[in-house]
Amino acid sequence: MILIIGSNHDDVLYYESLLANPEEVVILDKYHVFTGRIANQEAMVLQDVYTSFVSSMLLMHIIDKFVISLIINVGRCEAITESLEVGDIALSQSVVFGDVDQIAAYKGTTLGQIPGYPRSFNVDKSVIQNISKSLEKIVEHKFVNATFISSSFFRQNKEQVRDVAKDEYVSSLNKYIVLDGESAGIALVAQLNKIPFISVKVVEAKAGNYTSLDDYCSVLEETAPIGKAISNFIGEISRTDIVRMGGQK
Amino acid sequence: MAKKLSLNSYSRKTFVLLTVLLGLIAALLVTLIVVICLDISLVSRVLIAVLLFIALTALSVLVIVKGMQFYQLYYKQGIEITKHNVESLVNLDRSFEEYQSKEFDEINKMNESFKKLSKLLGSSTLSNSGAVSNLDKVPLEFEGERVFVRERSLVDNLKSLVLFSQSYRIALIDISYDLGTEMINSRHTSWRIYQSMKHHLQYKEMLVAFKDNKQGFLVYLPSFDSLKQLEEELEYLAREISLLKRGGVTKRAIGAKVSMVVYPYSDIDHLLDDLNKAKKQNKALNIYVPDNDFNFNNKLLFSSMNLNSTIKLIEDIASIDPDPKKYQSNKAIIHRSIKNIANYFGFNSGGYISYDYENELFINEYVCSSIEEPIIKEGNQIDPKFIDALARVKESGSSYYFADRIHVNNEIGYYVDRLRVSSGIFYVLSRGNKVIGVIYFLNRNKDLSFDAYMKQSLIASCHILGGVIKEVDARRNVAVTDKRLNEILKVSNMRLYSIKKDTYEFVRYSDQIRRLFPKFDGSLPCYKAMYGLDAPCATCPLKNHKHMKSVIEGQNYEVYQVFSNKDDPTAHMLIQGLVGDEVSSRFDNETMLSSFSAFHQDLSNQLLAEAEGKVLLLRIKNSREIVSKIKTGGYLSMIKQFADNVLVKYSDFGEVYQFNNSTIGLILHGISDEKILEICQEICEICKDFEFEEQSPKLIYLVKNYHKDDSVQFIEKALLDGLSKYKNEDHEEIVFIDTDYKRSASLEGYLLEQLLLAFKDKIYQTSFIPLLSNNSRLIYGVEIIPELYDVRIDKKLDMERAASIAFERGQGAVYLNGIFDYLNGLISKYTYAFFVSTEISKLCIKVDHNFVSEPNFIEKAKELVNKNQLPKDFICFEVDETDVHEHEDVYKSIVKQANDIGVMFLVREYEAAYYQVAQLAEMGFKEIKFSENTLALISDQERFQEMTFLWLEAVKNQMKVSFTGVDSRKTSESIVFEGYDCGVSGDYYFKPMDENKAFETIRERNMKDKDNLDN
């Protein structure tokens, strides 16, 4: 089953509409998720995931109850890198916690690192490559591989994550850096459970800048093409399944 | 249901009578028993009986009296007083009754507790008079829960709802979606949107009506604290209730359009009209407050409430004399008034934050507190970001009231949480945009439940107090500021003076003025003091709003007004020296745009240099409306803002000229018609996103060519004539003055205009792609591609987009009829016999779900087939796999209907992304056309195997297979699979061609070359 996670309903609107035979499942008496099939693949669409605390907790629970083969985190992010424009699309190549400082707690720990865990969580290259192929075909906006810094502060600004973003290691990971709220929690749990994951997000604003509702609506326009590309990517997996299934017959 | 007994059902009389009767009976019985049992004489018996009866009766009376006392204590006091006190508590009323039996310790303790409770409630000034639902008074037609109401019922009862409500403000909100012909049909979707409303709009007695057109909601929201807060909540709501629109080729996420009006800003009878006006603003969030001059707070505060009690709280301030010398004593009175208000309304803390001009800091100047530790300590510095946030979120009446923490704007939420504040009010004192102080009354761990009158009393108190504070501070600061300003003017070299607009008397002047006019007398009006005149100058800039040329001591000067503000009673004038007689300046001093004289000069230079190009004038059609909205600055401010915001992208083209007060000019050297149309189109799109106080500029674009033989005067006259001739155009149009050619400035309008023009006049343009059999290499069909051209600029336009716009704007029938007319005409022209003789068995045309969803699609297709007696599957409509996936329901029904009348559908751009071949066959599709992407990867062995598997599936399901985009011999040769035939097309065989060429090619290929191919 492919798990698609978004912060709010607008993030997952497109995916929810793709679900064939959708069924509602309530998780932990609070989260209403939908399961069904997207492009011939079992899929689950989860929303209302704010912060890495919630994303890691929910993901751990879902992995315990369902067989998850891939996690796709969708929605919107903010750009730290100046050259990224509103509407550009960021694919997570690596993910770092933006609000963790355990340097003094454990020797050898660096900023943004949880003791005993890597400094950054890296995304499987083949997942990035295949999603990139689909994006290339469908979306008009620029899409880039980026380092995602996740922080639980809403409307993050550069100041709050300045130290992490300026860290030599983090800045060496990728030319582009974006901010979001829940990727790191997902990355942490995905890595523990050895499940591939990726975050595909559209840049909503420069870090710390306010997005007007009209701007938001224009960013919203981007969600459908990205959704189409992701469903195409899922379809690629599915299509191969159809062909292989037919071949076995 | 069994009737429950009430203590009141037993009357006090019955109780007393019963008790007396029982006492007497008991006494009588005991007396009789005793008398019968005793063995004594009759006299003794009678005597004892009488004595005993009297004694027992007395005992009974004693019992009755005590019983009455207990009744008094337990029933009258215990139940009735308790009942009264509990009811008072429910209504948050502090008028508790005392229990009278003070001889009991327990009763005294209870009385003490109620006294404490009374004091507590008294200090908090809580009121719950609005607890009774107003909805009960209005005959609303609910649907299920008492929050869902029918749209008609809400609209019909709107006036009653507002009239019955005791609310301070009432909002009517429209949430709608631009869904075109689609509707919100899913209960899940509408329920989800309601859940979001419930989450973000946590207000009592909200009513929600699902609109009858099923494209949105109408929400009635009584009693909210802050317009800003509600605006913010609506913004958050709008960010999670977007929907998918299935129009066009693909799905599109669309945001909700939220519009709001507020009573009493909108008149009770105009709420719905104003809501429509709000919707017309056509932004994502539209808030319409009809009359900006309507000083809501003052009007409502001072007309509809009894200010007696409030006035008493602040009566001391009447004794204030704002003389700067009495500043300290005045401040003491102000502080006392703040304390009175805080005590009366029961706030934990009240105080005043003032701006320290010397150190440029905000300091908590005064605080009073009923709790141990004041919420903000006296003398503490206040974070200026907090003050800025308050200035942003405050209401138009300067106050920011919040009854509980839920309804605090996020902008100040952080600071409110740091202060651990639960409820309160901030009253922001400003001078212009500068905040100069904040009066505050705050509570910790206590919500406010004021009714409208309490709230208004509080705001009125702040309003009066704020006015006095401003006056006291202003008088003191003016003394300081005046002194400093004069010093600055003295040391500067500016010839600046200020005069009263009505009397022309000097308010202040710089020393340079005195130097310029040797006989200057500052006590006289300016015309007398400077020029020795007895009346204002004939060309006075104040009257004529133009620069005045002035000759002083043989030198040329220009006098003009600066910092123009109609609300300022003072006019500020600047005298500037000129070189020679040149009055005109390269730049307009107020807008800093290139002036008309610069335009004249530069155009002359262009002509002198024998250059050719175009002048583009952008005239703001709705300048009058914009100027009335922006209020300050007038036309010049408008033109400057327009140039700064809209034309910033075009600065590379050269200077931006202020042609007149509502027109901008651009001189574009060597530019083509196509490029200038592109620029106009871009500007039109930018204008849609730019607004002057919620009013987008509407432009007329005038284009005039200039050639080396033209004179500047001739061009300027033509431009002026053009401005006059085309000033009343209804639409935003681009007009070429020389040829009188006009077209819509917006891209969408233009595309639609071109399509309608072409289709209504039956000027069809098409290109053809021949389709070949892979085995025989003969042409078995053609794909017809409708095209759209702008002949004027000889440019091919995006036909698919034009068609999509036509469908979106309800003009789809024109496109559909045009396509069928064209097909009819084509078949009639060549006759079906020709197609038979050339073995052409298929005419294909690409369509989408919009096309097939048109109501007369099947009828038209049937007419085409029957009229021309076409064989089955001769007409073939091609649709994308993605489109099928996204509009599966449409195709599931239409494809089978089309098959029944002999028309086939094929799926193009097929990649097996959504459907297996068998699924498509089941839906009635008869052919799959692989996408170019699939073909590009055919050299990959794995992909080839996948493709052949799908091919085989198609064969099994009696479906044809075709490939498009074959562009090389190598690709052509790779399309081989076990001898199965398929259709092929692409540049390798034939490039797209026009109709004549296509039919010539068919003849040559299928008739002349047939023998050659066979051989």
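The rules behind the values
Residues numbered from 1 in each chain as written. Chains lettered and ligands numbered in written order. Predicted model: local features only at pLDDT ≥ 70, side-chain atom pairs only at ≥ 80, totals over all residues. Heavy atoms only, no water. Helix = DSSP H or I, 4+ residues; strand = E, 2+ residues; numbered from the N terminus. Buried < 20%, exposed > 50% of the residue type's maximum accessible area, 1.4 Å probe, protein only. Contact = heavy atoms within 4.5 Å. Areas by Shrake-Rupley, 256 points an atom, 1.4 Å probe, with all protein chains shown as cover. Axes fitted to C-alpha atoms, helices over the stretch in contact; angles between N-to-C directions. Parallel < 35°, antiparallel > 145°, perpendicular 65-115°, else oblique. Left-handed = near helix turned anticlockwise from the far one by under 90°. Nonpolar A, V, L, I, M, F, W, Y, C, P; charged D, E, K, R; others polar. Buried area = accessible area lost by both parts, 1.4 Å probe. Salt bridge = Lys/Arg side-chain N within 4 Å of Asp/Glu carboxyl O. Expected span 1.5 Å × (residues − 1). Arc of directions from axis to C-beta. pLDDT = per-residue confidence, 0-100. Phe/Tyr/Trp six-rings, centres within 6.5 Å; stacked < 30°, edge-to-face > 60°. Lys NZ or Arg CZ within 6 Å of the ring centre and 35° of its normal.

### Re the overall build of chain B
- A tally of helices and strands in chain B yields 34 helices and 35 strands.
- A buried classification covers 50% of the 1015 residues belonging to chain B.
- Residue pairs in contact within chain B that sit at least 24 positions apart in sequence constitute 65% of those at least 6 positions apart.
- Split by element, the accessible area of chain B, about 50500 Å² in all, is 52% carbon and sulfur.

### Observations concerning the packing of helix H23 (residues 747-760) of chain B against helix H25 (residues 812-837) of chain B
All names here are of chain B.
- Between H23 and H25, the least distance of the axes is 10 Å, while the angle of their chain directions is 40 degrees. Taken together, the axes of H23 and H25 are oblique relative to one another. Like other packed secondary-structure pairs, H23 and H25 cross with a definite hand, here left-handed. Contacts between H23 and H25 involve Leu-755, Leu-756, Phe-759 and Lys-760 from the first element and Val-814, Tyr-815, Gly-818 and Ile-819 from the second.
- Across the contact of H23 with H25, the residue classes break down as six nonpolar, one polar and one charged.

### Details of the interface of chain A and chain B
- Taken residue by residue, the interface counts 40 residues in chain A and 34 residues in chain B.
- Both sides together, the interface formed by chain A and chain B hides about 3000 Å², and carbon and sulfur atoms give 54% of it.
- In this structure, the connection of chain A to chain B is made through three salt bridges.
- Glu-911 of chain B serves as the salt-bridge partner of Lys-137 of chain A, at 3.3 Å between the closest nitrogen and oxygen.

### Concerning unusual backbone geometry
- At Ala-39 of chain A, a residue that is not glycine, the phi angle is positive and equals roughly 45 degrees.
- For Asn-282 of chain B, which is not glycine, the phi torsion reads 60 degrees and is therefore positive.
- Assignment of secondary structure puts Asn-282 of chain B in the loop between helix H8 (271-280) and strand E9 (285-288).

### Concerning the environment of Tyr-560 of chain B
Residues and elements named next belong to chain B.
- Position of Tyr-560 among the secondary structure elements: in strand E19 (residues 555-562).
- Residue classification places Tyr-560 among the buried positions, given a relative accessible area of 5%.
- Residues Tyr-560 and Pro-541, spaced 19 residues apart in sequence, show a C-alpha to C-alpha distance of 5.6 Å.

### Section: helix H3 (residues 125-138) of chain A
Residue and element names in this part refer to chain A.
- With 14 residues, H3 should reach 20 Å at 1.5 Å per residue; the first-to-last C-alpha distance of 20 Å fits that figure.
- Turning to H3, its buried residues are Val-127, Ile-128, Ile-131, Ser-132, Ser-134 and Leu-135. Buried positions in H3, seen along its axis, are confined to an arc of 165 degrees and lie on one side of it. Facing away from the buried side of H3 by over 90 degrees, the exposed positions are Lys-125, Gln-129, Lys-133 and Glu-136.

### Some remarks on the confidence of the model for chain B
Residue and element names in this part refer to chain B.
- Across chain B, the average pLDDT comes to 81, with 87% of residues at or above 70.
- When mean pLDDT is taken per element in chain B, strand E31 (residues 875-880) scores highest with 94 and helix H9 (residues 296-303) scores lowest with 41.
- Taken as a whole, residues 292-306 scores under 50 in pLDDT and shows 30 contacts with residues more than four places along the chain or in a different chain.
- Across residues 580-584, confidence stays below pLDDT 50; counting only partners more than four residues off in sequence or on other chains, it has seven contacts.
- Listed scores for the predicted complex are pTM 0.48 and ipTM 0.85.

### Observations regarding the packing of aromatic side chains
Residues and elements named next belong to chain B.
- Per the stated rule, a full pass over the model turns up 49 aromatic pairs over all chains.
- Their ring planes at 85 degrees and their centres at 5.6 Å tell us that Phe-386 and Phe-426 sit as a pair that is edge-to-face. Placement of Phe-386 in helix H12 (residues 384-393) and of Phe-426 in strand E14 (residues 423-431) is noted, with a sequence separation of 40 residues between them. Each member of the pair, Phe-386 as well as Phe-426, is classed as buried.
- For the ring pair Tyr-832 and Phe-874, a centre distance of 5.7 Å and an interplane angle of 85 degrees mean the geometry is edge-to-face. Of the two residues, Tyr-832 is situated in helix H25 and Phe-874 in the loop between helix H27 (857-868) and E31; the sequence distance between them amounts to 42 residues.
- By relative accessible area, which is 1% here, Phe-874 ends up buried.
- One aromatic cluster is present, formed by Phe-759, Tyr-764, Phe-807, Tyr-815, Phe-820, Tyr-822, Phe-851, Phe-857, Phe-877, Tyr-891, Phe-905 and Phe-925 through successive ring pairs.
- Against the face of Tyr-355 rests Lys-434, its NZ or CZ located 3.9 Å from the ring centre.
- Above the ring of Tyr-750, the side-chain terminus of Arg-743 is found at 3.4 Å from the ring centroid.

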